Amino acid sequence: MTGRDLVIRTLKHEKLERAPWVPFAGIHAGKLKGYGPRETLTDVDKLVESLLEVNRVYRPDGQPVMFDLQIEAEALGCTLLWADKAPPSVSGHPLATTRDIPTRIPGPGEARIALSIEAMKRMKKAVGKETALYGLVAGPFTLASHLRGTELFMDMILDPAYVHALFKYSFEVEKAVAGYYIDAGMDIIAAVDPMVSQISPAHFNEFLAKPYKEFFDHLRSRGALSSLFVCGNAFNNIEPMCKTGPDCISVDENIHLSEAKKITDRYNICLGGNIQLTVVMLFGSQMDNMKAVVDIVDSCGGGNLVVSPGCDMPYDVPIENVIAAGQAARETSQVRHVLEHYHGAEIKLDVVLPDYSSLKKPLVEVFTLDSATCAACGYMMEAAKDMKGVFGDSIDLVEYKFTVKENIARCMKMGVTNLPAIYLDGKLAFSSIIPSRKELEDRIRVLL
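All values reported here derive from a predicted model rather than from experimental measurement.

A.B. asks: Teacher, can you tell me more about the nonpolar core here?
C.D. replies: For soluble globular proteins, the rule of thumb is that nonpolar side chains tend to be buried together. Ranked by internal contacts, the top residues of the largest apolar core, which has 162 residues, are Tyr181, Ile189, Leu208, Phe215 and Ile275. At 13 residues, helix H9 (residues 160-183) tops the list of elements feeding residues into this core. Residues within four places of Phe215 in sequence aside, it is in contact with Val137, Phe171, Glu174, Lys175, Ala178, Ile189 and Ala191.

A.B. asks: I tried to follow helix H1 (residues 3-11) on my own but got confused; where do I start?
C.D. replies: Note on helix geometry: an α-helix contains 3.6 residues per turn, so any two residues three or four positions apart are oriented the same way. Regarding H1, the residues found buried are Gly3, Leu6, Val7, Ile8, Thr10 and Leu11. In the stretch just after H1, His13 is the one whose phi turns positive, near 75 degrees.

A.B. asks: Quick question: what am I supposed to make of the sheet that holds strand E13 (residues 427-431) here?
C.D. replies: Two pairing modes exist for strands in a sheet, parallel and antiparallel, and in both the strands are linked by backbone hydrogen bonds. Taken in spatial order, the 4 strands of this open sheet run E11-E10-E12-E13, and their pairing is mixed. For this open sheet the edge positions go to strand E11 (396-401) and E13, each flanked by a neighbour on one side alone. Within the sheet, the average angular offset between the axes of one strand and its neighbour, ignoring direction, is 25 degrees. On the sheet, helix H20 (residues 437-445) packs against strand E10 (363-368), strand E12 (421-424) and E13 and is oriented at approximately 175 degrees with respect to E13.

A.B. asks: In this structure, what is going on with the environment of His218? I would like to understand it.
C.D. replies: By the secondary structure assignment, His218 is in helix H11 (residues 209-221). Between the C-alpha atom of His218 and that of Ala178, which follows or precedes it by 40 residues, the distance is 9.9 Å.

A.B. asks: Would you explain the sheet that holds strand E8 (residues 270-275) in this entry?
C.D. replies: Pairing is parallel across the open sheet formed by 7 strands, whose spatial order is E1-E4-E5-E6-E7-E8-E9. Unpaired on one side and paired on the other, strand E1 (62-64) and strand E9 (305-309) mark the two borders of the sheet. With direction set aside, neighbouring strand axes in the sheet form an average angle of 25 degrees. Along the sheet face, H9 touches strand E4 (132-138) and strand E5 (188-192) and points at about 160 degrees away from the line of E4.

A.B. asks: What is the right way to look at the pairing of E9 in this model?
C.D. replies: Two faces belong to every sheet, and in a regular strand the side chains alternate between them. Extensive coverage of E9 is indicated by the burial of 5 of its 5 residues. Examined bridge by bridge, E8 and E9 share 5 bridges and lie parallel to one another. Directly across from Gly273, in E9, lies its bridge partner Val307.

A.B. asks: So what exactly am I meant to see when it comes to the side chain of Gln198 here?
C.D. replies: Mapped onto the secondary structure, Gln198 falls in the loop between E5 and helix H10 (201-207). Only 3.1 Å separates the side chain of Gln198 from the backbone nitrogen of Ile434, close enough to count as a polar contact. Residue contacts for Gln198: discarding those within four places in its chain leaves Phe153, Ala376, Met380, Pro420, Ser432, Ile433 and Ile434.

A.B. asks: Looking at this structure, I do not really get the packing of H9 against H11. What am I missing?
C.D. replies: Each pair of packed helices can be summarised by the angle the axes make with each other and by the distance between the axes. One way to put it is that H9 packs onto H11 with a least axis distance of 11 Å and a crossing angle of 15 degrees. Between H9 and H11, the angle is such that the two are roughly parallel. In this structure, H9 crosses over H11, and the sense of that crossing is right-handed. Contact residues: H9 offers Phe171, Glu174, Lys175, Ala178 and Ile182, while H11 offers Pro211, Tyr212, Phe215, His218 and Leu219. Looking at the contact of H9 with H11 residue by residue, the class counts come to 7 nonpolar, 1 polar and 2 charged.

What counts and how
- Residues numbered from 1 in each chain as written.
- Predicted model: local features only at pLDDT ≥ 70, side-chain atom pairs only at ≥ 80, totals over all residues.
- Heavy atoms only, no water.
- Core = buried A, V, L, I, M, F, W, Y, C linked by side-chain atoms within 4.5 Å.
- Buried < 20%, exposed > 50% of the residue type's maximum accessible area, 1.4 Å probe, protein only.
- Helix = DSSP H or I, 4+ residues; strand = E, 2+ residues; numbered from the N terminus.
- Contact = heavy atoms within 4.5 Å.
- Pairing = 2+ DSSP bridges.
- Axes fitted to C-alpha atoms, helices over the stretch in contact; angles between N-to-C directions.
- Polar contact = N/O pair within 3.5 Å; in protein donor to acceptor, adjacent residues only side chain to side chain.
- Parallel < 35°, antiparallel > 145°, perpendicular 65-115°, else oblique.
- Left-handed = near helix turned anticlockwise from the far one by under 90°.
- Nonpolar A, V, L, I, M, F, W, Y, C, P; charged D, E, K, R; others polar.

Here it is in structure tokens:
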């Protein structure tokens, strides 16, 4: 059985001998060939060269071709900010000051959509018989956030009709781009919508349930399998997502995988995830990575499972760690025996917390996975930065990225359980849910 067969049959809910291994190597793919994120994501030759190296070294059963949630946004007029070791982020929102609803659907030859399609065709020809290929599209909530900015969250309360219209447009864009990718040979279309973790089940059902069901039904009619990728603590939306009918749901480390699988199993939906990106993959050992995979399989066994990182792997994840995770996914029984007496390493770093009782001005602390790589984290940080525009030097603002060892220790010492989160003067103010401008401003103003 090829890896492609394994992935497809798993997403069709067959019970097989092992779970497929699908490493999410976006910008990390470039690291294998010495290319930075911008080179990897803008040069089709370097992109395909990097993806083929991922295929050779990590021996995936399935792999994404382009892990970049800004492709559609860029084609629709959003400006991008590039970083040395992170995917691009959206730095300008064309709908920030208007409530207009766009009508233009980007074509297959526009911007980096054309690059993605060309890479997909080449990968399909090179490895498509052995490896299941994923075409990733920006989820409608995430795309709408790119277009509108943080005002979207207040819109959901004050002008739901506008949000319905904007989401309808985002779904039309998503459907069109998904069609281009299916035509290019993609086996699975994954809607990547990290912003889903930022809303309640009530809002999911109001704005996203019906159009997502129509979207997944549409993919099925085109002969493609589907997956819904979310980040952050989206546990409360697992069941609403299941009801929309994707073939698979992929989650990150903010969600207890075995608890989520109890829900997805009720709906006979595959669950993917969720090796920790930083504590295990970036900073752990090979043994830590093998143990993480074995623990996932042992806690979520019985089919309907895809083993993968919690999201797109950080650029600097050690290559040997990904190899170890893949080995554990392919040879779980053998690796389990090797790990019999291994209990995992711990990060032991002493960090000094601020003396919150003696602060001279309010301190806004934003805990993120990395605002440059995680869309939800980026918008949480953007909301906090907006407050500097309101209060200026009357407040202090700092971001603690989970990709830094000291910040992992800081999160543990502070008791931070979900990312992203905002703490005000050392006290949790907002966890996972991005606040509206007024909510955050009101909370800060009482501290002045």
